[in-house]
Amino acid sequence: MDDTRVDVCLQQINAALEWLLPVCDYDEPVVCDAMRYSVQGGGKRIRPLLVLESCRLCGGMPETAIEAACALEMIHSYSLVHDDLPCMDNDDLRRGKPSCHKQFGESYALLAGDALLTEAFYLISTAPFAKAEPEKALRVIALLSAAAGANGMIGGQVIDLASEGKQIPLARLQQMDAKKTGALIRAACQMGAVIAGAGDTQTAALCAYADCIGQAFQIVDDILDVTGDAAVLGKPIGSDAANEKSTYVSLLGLEGAKAQAKALTEDAIAHLAVFGNDAQFLQTLAGDLLKRTF
Ligand code: GRG
């Protein structure tokens, strides 16, 4: 990928998150500190990158989508904070640092996650693009809330919890991951498209691209849990096997999972054909996600 362009986008996202996260207006800043700690903890920023680039690719100005991009990253961060809690995965490490509840305690981690989710929607509803074009903001809010909600990301987590200690078939694993991982990735592309005022063909192509990279992303996650380097990943490996979880690796074998991720990445890139030569950023992003080591 054009490293300079990615670096510029990442700097914009990180700077925007810094000033868009709420500042505490009373004398107990612990939850605001926990929110900042969790959001600014070294994530890859894939979802906000997808929002900004989808917007640009559909003819919009990426700057108009920055609040929506940051809101999505806040929701992603909340999901990680809650996922690490003792009542969920009970993970002590996230991105190589103590997880939020290890650093701030369970009660404050719970509240920080709740606040990140709530503030995300405040951010979109008060963004400049929402004031200029409120109907677009309503569509973005509907997309994001559906993707994060009971039939989206939360639904994926429910299937995950209900599958504990069981072997599940491939179709069930795909359904779980389409919700748990895929829904926010698809929403990222859709949100960028809506803000740009994209037509149906562009939106459909971006959704198809997102669905392919979303599934490939989860397959690579499963592969890294077997072959990854714990120091690079920032968390221990082997947890899926230790918990006897069905994964793409357990169901397809390591080589089968790698082949599936590669095929999905190629399909993702093919779906970008409608954008011609302008889609290089998203093409390269798909390839980079396939090769990622963390
Ligand atoms: C809200 C209770 C509650 C649970 C949410 C979806 C979910 C449940 C938790 C997310 C945890 C998880 C492992 C989801 C799978 C998707 C995934 C691989 C997330 C990691 O995303 P990256 O790699 O993270 O983009 P970084 O650290 O780069 O931001």
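Located above this text is the structure these notes cover.
Small disclaimer: the values here were computed from a predicted structure and weren't measured.

Reading the values: the criteria
Per chain, residue numbering runs from 1 following the sequence as it is written. Reporting of local features is limited, given that this is a predicted model, to residues whose pLDDT is at least 70; pairs of side-chain atoms are given and counted only at 80 or more, and all residues count toward the totals for whole chains, interfaces and linings. Calculation of side-chain values draws on the structure's entire complement of heavy atoms; hydrogens and water are dropped beforehand. For helices the rule is a DSSP run of H or I covering at least 4 residues; for strands it is a run of E covering at least 2, with both sets numbered from the N terminus onward. As a reference, a globule follows 2.2 Å times the number of residues to the power 0.38, and the radius of gyration itself is taken over C-alpha atoms. Only protein chains enter the area calculation, which uses a 1.4 Å probe; residues under 20% of their type maximum are buried, those over 50% are exposed, and those in between are partly exposed. Contacts are assigned to residue pairs that have any heavy atoms within 4.5 Å of one another. Consider each residue's heavy atoms; a residue with any of them within 4 Å of a molecule or strand counts as near. Pairs of N or O atoms within 3.5 Å make up the polar contacts considered here, provided that, within protein, one atom can donate a hydrogen while the other can accept it, and that residues adjacent in sequence are counted only when both atoms are side-chain atoms. Under the convention used here, a 1.4 Å probe and the Shrake-Rupley method define accessible areas, while residue burial counts only the protein chains that appear. Any residue that is not Ala, Val, Leu, Ile, Met, Phe, Trp, Tyr, Cys, Pro, Asp, Glu, Lys or Arg is counted as polar, Gly included; the first ten are nonpolar and the last four charged. The criterion for a disulfide is a pair of cysteine sulfur atoms lying within 2.5 Å. Each patch is built from salt-bridge-free residues with over 30% relative accessible area, joining like charges within 9 Å and nonpolar side chains (Val, Leu, Ile, Met, Phe, Trp, Tyr) within 5 Å. The salt bridge definition used is simple: a Lys or Arg side-chain nitrogen within 4 Å of an Asp or Glu carboxyl oxygen. By convention, a stacked pair of Phe, Tyr or Trp rings (six-membered ring in the case of Trp) has centres within 6.5 Å and planes under 30 degrees apart, an edge-to-face pair has planes over 60 apart, and any other such pair is tilted. Charge-over-ring placement is defined geometrically: NZ (Lys) or CZ (Arg) within 6 Å of the ring centre, and within 35 degrees of the ring normal. Here the nonpolar core consists of buried residues drawn from Ala, Val, Leu, Ile, Met, Phe, Trp, Tyr and Cys, with membership extended through side-chain atoms lying within 4.5 Å. Expected span of a helix, by definition, is 1.5 Å for each gap between consecutive residues, and there is one gap fewer than residues. In this description, a line fitted to the C-alpha atoms serves as the axis of each element, helices being fitted only across the stretch in contact, and the angle between N-to-C directions of two axes falls anywhere from 0 to 180 degrees. An angle counts as roughly parallel when it lies under 35 degrees, as roughly antiparallel when it exceeds 145, as roughly perpendicular when it falls between 65 and 115, and as oblique in every other case. Counted as positive: Lys and Arg. Counted as negative: Asp and Glu, with His and the chain ends omitted from the count.

S.K.: Would you mind showing me how to read the overall build of the chain here?
M.R.: Along the chain, the regular secondary structure elements total 16 helices and two strands. Compactness check: the chain gives a C-alpha radius of gyration of 18 Å against a globular reference of 19 Å for 294 residues, within 12% of the reference. Dimensions of the chain along its principal axes, counting C-alpha atoms only, are 55 × 50 × 35 Å. In the chain, which comprises 294 residues, the share counted as buried stands at 50%.

S.K.: I would appreciate a short explanation of helix α9 (residues 153–162) in the present structure.
M.R.: Spacing of three or four residues puts side chains on the same side of an α-helix, whose turn is 3.6 residues. Those residues of α9 lying buried are Met153, Gly155, Gly156, Gln157, Ile159 and Asp160. Buried-residue contacts for α9 involve α4 (66–84), α8 (134–148) and α10 (170–196).

S.K.: For this particular structure, what's the right way to read the site of the ligand?
M.R.: Of all residues adjacent to the ligand, which total 19 residues, the nearest are Lys44, Arg47, His76, Tyr78 and Arg95. Between an oxygen atom of the ligand and a side-chain N or O atom of Lys44, the distance comes to 2.6 Å. Arg95 is positioned with one of its side-chain polar atoms (N or O) 2.8 Å from an oxygen atom of the ligand. For the ligand, whose unbound accessible area comes to 720 Å², protein coverage reaches 90%. The greatest single-element share of the shell around the ligand, amounting to six residues, is contributed by α4. Here the residues of the shell around the ligand sort into six nonpolar, seven polar and six charged.

S.K.: Help me out: how do you make sense of the state of the cysteines in this one?
M.R.: Formally, a disulfide is one covalent bond, and it connects the sulfur atom of one cysteine to the sulfur atom of another. Counted by the stated rule, this structure contains zero disulfides. The thiol sulfur of Cys55 is not disulfide-bonded, and the nearest other cysteine sulfur, from Cys58, lies at 7.7 Å. Among the residues examined, Cys55 registers a relative accessible area of 0% and is labelled buried.

S.K.: How do you make sense of a nonpolar patch on the surface when you look at a structure like this?
M.R.: Nonpolar side chains collect at one region of the surface, where Leu170, Leu251 and Leu252 lie side by side and expose about 190 Å² of accessible area between them. In this fold, Leu251 is placed in helix α14 (residues 248–252).

S.K.: Looking at this structure, I do not really get the packing of aromatic side chains. What am I missing?
M.R.: Note on aromatic pairs: each is described by the distance of the centres and the angle between the planes. All chains considered together, the criterion is met by one aromatic pair. Between the aromatic rings of Tyr37 and Phe104, the centroid separation amounts to 5.3 Å while the plane-to-plane angle is 75°, which identifies the pairing as edge-to-face. Here Tyr37, found in helix α2 (residues 30–39), pairs with Phe104, found in helix α5 (residues 100–104); they are 67 residues apart in sequence, far enough to count as distant. By relative accessible area, Tyr37 is classed as buried at 18%. The ring of Tyr37 is capped by Lys97, whose NZ or CZ atom sits 4.0 Å from the centre of that ring. When the ring centre of Phe217 is taken as origin, the NZ or CZ atom of Arg292, which lies over that ring, is 3.9 Å away.

S.K.: Can you walk me through unusual backbone geometry in this structure?
M.R.: Residues other than glycine predominantly adopt negative phi, and peptide bonds predominantly adopt the trans conformation. Unusually for a residue other than glycine, Asn90 sits at a positive phi of about 55°. By secondary structure assignment, the location of Asn90 is in the loop between α4 and β1 (93–94). For Asn90, a relative accessible area of 44% corresponds to the partly exposed category. A positive phi angle, near 50°, is found at Arg95, a position not held by glycine.

S.K.: Mind showing me how you'd approach the nonpolar core here?
M.R.: A general tendency of soluble globular proteins is for nonpolar side chains to be buried together. The biggest cluster of nonpolar side chains holds 93 residues, and the ones touching the most others in it are Leu50, Ile75, Tyr209 and Leu282. By residue number, the principal contributor to this core is α10, which donates 13 residues. If we ignore the near neighbours within four places in the chain, the residues touching Ile75 are Leu117, Ala120, Phe121, Leu144, Ala148, Met153 and Leu184.

S.K.: Would you take a moment to explain helix α6 (residues 106–125) for this structure?
M.R.: Here α6 spans 29 Å end to end across 20 residues, near enough to the 28 Å set by a 1.5 Å rise per residue. Regarding α6, the residues found buried are Ala109, Ala112, Gly113, Ala115, Leu116, Ala120, Phe121, Leu123 and Ile124. Considering only its buried residues, α6 is in contact with α1 (3–20), α2, α4, α5, α7 (128–132) and α8.

S.K.: Looking at this model, I keep getting lost on the packing of α1 against α4. Mind explaining?
M.R.: One way to put it is that α1 packs onto α4 with a least axis distance of 10 Å and a crossing angle of 80°. Considering their axes alone, α1 and α4 lie roughly perpendicular with respect to each other. Residue-level contacts link Gln12, Ile13, Ala16, Leu17 and Leu20 of α1 to Ile66, Glu67, Cys70, Glu73 and Met74 of α4. A per-class count over the contact of α1 with α4 returns seven nonpolar, one polar and two charged.

S.K.: Looking at this structure, I do not really get the side chain of Glu67. What am I missing?
M.R.: Examined against the element boundaries, Glu67 turns out to sit in helix α4. Lys131 is the oppositely charged side chain nearest to the buried, salt-bridge-free Glu67, at an N-O distance of 8.7 Å. Non-local contacts of Glu67, meaning those with residues more than four positions away in its chain, are made with Leu20, Leu123, Ala127 and Pro128.

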